[in-house]
Amino acid sequence: MYGASGDYHIGSFDGKTFNPETKQKIPMYHDGRCYAAQTFNNTPPGPDGQPRRIQVGWQGGRLGQLSTPTELTLRTTPLGLRVCKQPVAEIAKLRTRTVRLDGIELAPGAANPLAGLKGGLYDIELEADLSQADRLVLDIRGTKLVVEASADGLKLGSMTIPGARKLSLRLIVDNTSLDVYFGEHGVYYSPKMIRPTSNSIGVKAVGGPVAFTTLRVHELKSIW
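Reading the values: rules and limits
- Residues numbered from 1 in each chain as written.
- Predicted model: local features only at pLDDT ≥ 70, side-chain atom pairs only at ≥ 80, totals over all residues.
- Heavy atoms only, no water.
- Phe/Tyr/Trp six-rings, centres within 6.5 Å; stacked < 30°, edge-to-face > 60°.
- Buried < 20%, exposed > 50% of the residue type's maximum accessible area, 1.4 Å probe, protein only.
- Core = buried A, V, L, I, M, F, W, Y, C linked by side-chain atoms within 4.5 Å.
- Contact = heavy atoms within 4.5 Å.
- 1 Å grid on protein atoms, 1.4 Å probe; cavity = no way out; pocket = protein on both sides within 12 Å on 5 of 7 lines; lining within 4 Å.
- Points joined across faces, edges and corners; volume = space filled by probe spheres on them.
- Helix = DSSP H or I, 4+ residues; strand = E, 2+ residues; numbered from the N terminus.
- Nonpolar A, V, L, I, M, F, W, Y, C, P; charged D, E, K, R; others polar.
- Salt bridge = Lys/Arg side-chain N within 4 Å of Asp/Glu carboxyl O.
- Pairing = 2+ DSSP bridges.
- Axes fitted to C-alpha atoms, helices over the stretch in contact; angles between N-to-C directions.

S.K.: Help me understand the packing of aromatic side chains in this model?
M.R.: Two descriptors summarise a pair of aromatic rings, namely the distance from one centre to the other and the angle between the planes of the rings. Overall, the coordinates contain three aromatic pairs when judged by the stated rule. Considering the side-chain rings of Phe182 and Tyr188, the 6.0 Å spacing of their centres and the 25 degrees angle between planes classify their relative orientation as stacked. Note on Phe182: relative accessible area 0%, which makes it buried. With relative accessibility at 11%, the residue Tyr188 sits in the buried group. Aromatic ring contacts, followed pair by pair, group Tyr29, Tyr181 and Tyr189 into a single cluster.

Laid out in structure tokens, this is it:
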């Protein structure tokens, strides 16, 4: 159960009474803002036989926009039981071209392997081992995302996954928004409003090489 801010409790509901099982509210949004999000589940059953639970929120303030639709799931994570978020599967229908760089190793100072991409609208899937690196820096249309790697784990803004050195990251890039799904299954979600300064994207390793299990960039078409 969550309020307008997105902070939520996990608990049980018998049709009349909700009994929280978490002592403190858990934030659903990090380093970004959504408000008064609504959900619907009148969808065909998913892999578990249940309808998907899809959420759409108001992103930003008075001059805002509707967020990217995301699917909510309840999962056991390194942080405990959490509501996880991923972009709806229908995003894949917008893909027009895919650049696959699975298996590459990016050394500090190496050329940007994504330099040829100029479309501006992207669905980015990334899994990487940061065991030997200090940081992985992404430049997404002029917005910098810096994943810090240390013995304490992985950190991106206010989002931290303790003890982890293997990164799972999904990004949906639009003309005025950058949705960040950080950690396996999207245990963290950051809905950012952006003002792009370019259509390009870049990635670089700092402090040591980064080995990518998955690095895929899907260019997207407009929904209109």
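S.K.: I'm lost on the nonpolar core in this one. Help?
M.R.: General note: in soluble globular proteins, nonpolar side chains tend to be found buried as a group. With 40 residues, the main nonpolar core has Leu136, Leu171 and Phe182 as its most contacted residues. In this structure, Phe182 is in contact with Leu154, Lys155, Leu156, Met159, Thr160, Ile161, Leu167, Ser168, Leu169, Val187 and Tyr188, ignoring residues within four places of it in sequence. In this structure, Ile10, Cys34, Val88 and Tyr189 belong to the second largest nonpolar core, which totals 15 residues.

S.K.: Help me out: how do you make sense of the layout of surface pockets in this one?
M.R.: Regions of empty space are outlined by a rolling probe, equal in size to a water molecule, passed over the atoms. Of the voids in this model, the largest pocket is the one considered here, and its volume is about 860 Å³. Lining the largest pocket are 31 residues, and of these Arg53, Leu72, Thr73, Leu74 and Val83 sit closest to its centre. Of all the elements in the fold, those that place two or more residues in the lining of the largest pocket are β3 (34–40), β6 (70–77) and β7 (80–87). Split by residue class, the lining of the largest pocket holds 15 nonpolar, ten polar and six charged. Computed from the structure, the second largest pocket encloses a volume of approximately 550 Å³. Along the wall of the second largest pocket there are 22 residues; nearest its centre are Thr68, Leu94, Asp174, Ile223 and Trp224. Of all the secondary-structure elements, those providing two or more residues to the lining of the second largest pocket are β5 (65–66) and β15 (166–173). Per-class residue counts for the lining of the second largest pocket are eleven nonpolar, eight polar and three charged.

S.K.: Explain the environment of Lys23 here, please?
M.R.: Position of Lys23 relative to the elements: it lies in the loop between β2 (18–20) and β3. Here the alpha-carbon distance between Lys23 and His9, two residues 14 residues apart in the chain, equals 8.0 Å.

S.K.: Would you mind showing me how to read the environment of Val146 here?
M.R.: With respect to the helices and strands, Val146 occurs in strand β12 (residues 143–150). In this structure Val146 comes out as partly exposed when scored by relative accessible area, which is 30%.

S.K.: What should I look at first to understand the pattern of salt bridges in this one?
M.R.: A pair can form between side chains of opposite charge whenever their charged atoms are brought close. Enumeration over the complete set of coordinates arrives at five salt bridges. Put simply, Asp123 and Arg95 hold a salt bridge, and the shortest N to O gap is 2.9 Å. With a gap of 28 residues between them, Asp123 in strand β10 (residues 122–129) and Arg95 in strand β8 (residues 95–100) connect regions that are remote in the sequence. Residue Asp123 is classed as buried on the basis of its relative accessible area of 0%. Close ionic contact of Asp123 with Arg170 constitutes a salt bridge, the shortest N to O distance being 2.7 Å. With Asp123 in strand β10 and Arg170 in strand β15, this pair connects stretches of sequence that are 47 residues apart.

S.K.: Teacher, can you tell me more about the sheet that holds β12 here?
M.R.: Read from one edge to the other, the open sheet built from five strands follows the order β14-β13-β12-β11-β18, with strand pairing classed as antiparallel. The strands lining the two open edges of the sheet, one partner per strand, are β14 (159–162) and β18 (201–206). Taking each pair of neighbouring strands and ignoring which way they run, the sheet shows an average axis angle of 10 degrees. Of the strand pairs in this sheet, strand β11 (residues 135–140) and β18 are connected by six bridges, and their pairing is antiparallel. Bridged to Leu138 within β18 is Val203.

S.K.: Please explain the environment of Val83 as it appears in this structure.
M.R.: Within the element layout of this structure, Val83 appears in strand β7. Measuring from C-alpha to C-alpha, the distance between Val83 and Leu94 comes to 26 Å, with eleven residues separating the pair along the chain. Once residues within four sequence positions are removed from consideration, Val83 is found in contact with Tyr8, Met28, Leu72, Thr73, Leu74 and Val187.

S.K.: Looking at this model, I keep getting lost on the pairing of β11. Mind explaining?
M.R.: Walk down a regular strand and you will see the side chains alternate between the two sheet faces. Across six bridges, the pairing between β11 and β12 is antiparallel. Across the sheet, the residue bridging to Arg135 is Glu148, located in β12. Once β11 ends, the chain turns through two residues before running back antiparallel as β12, passing Arg141 with a positive phi of about 55 degrees.

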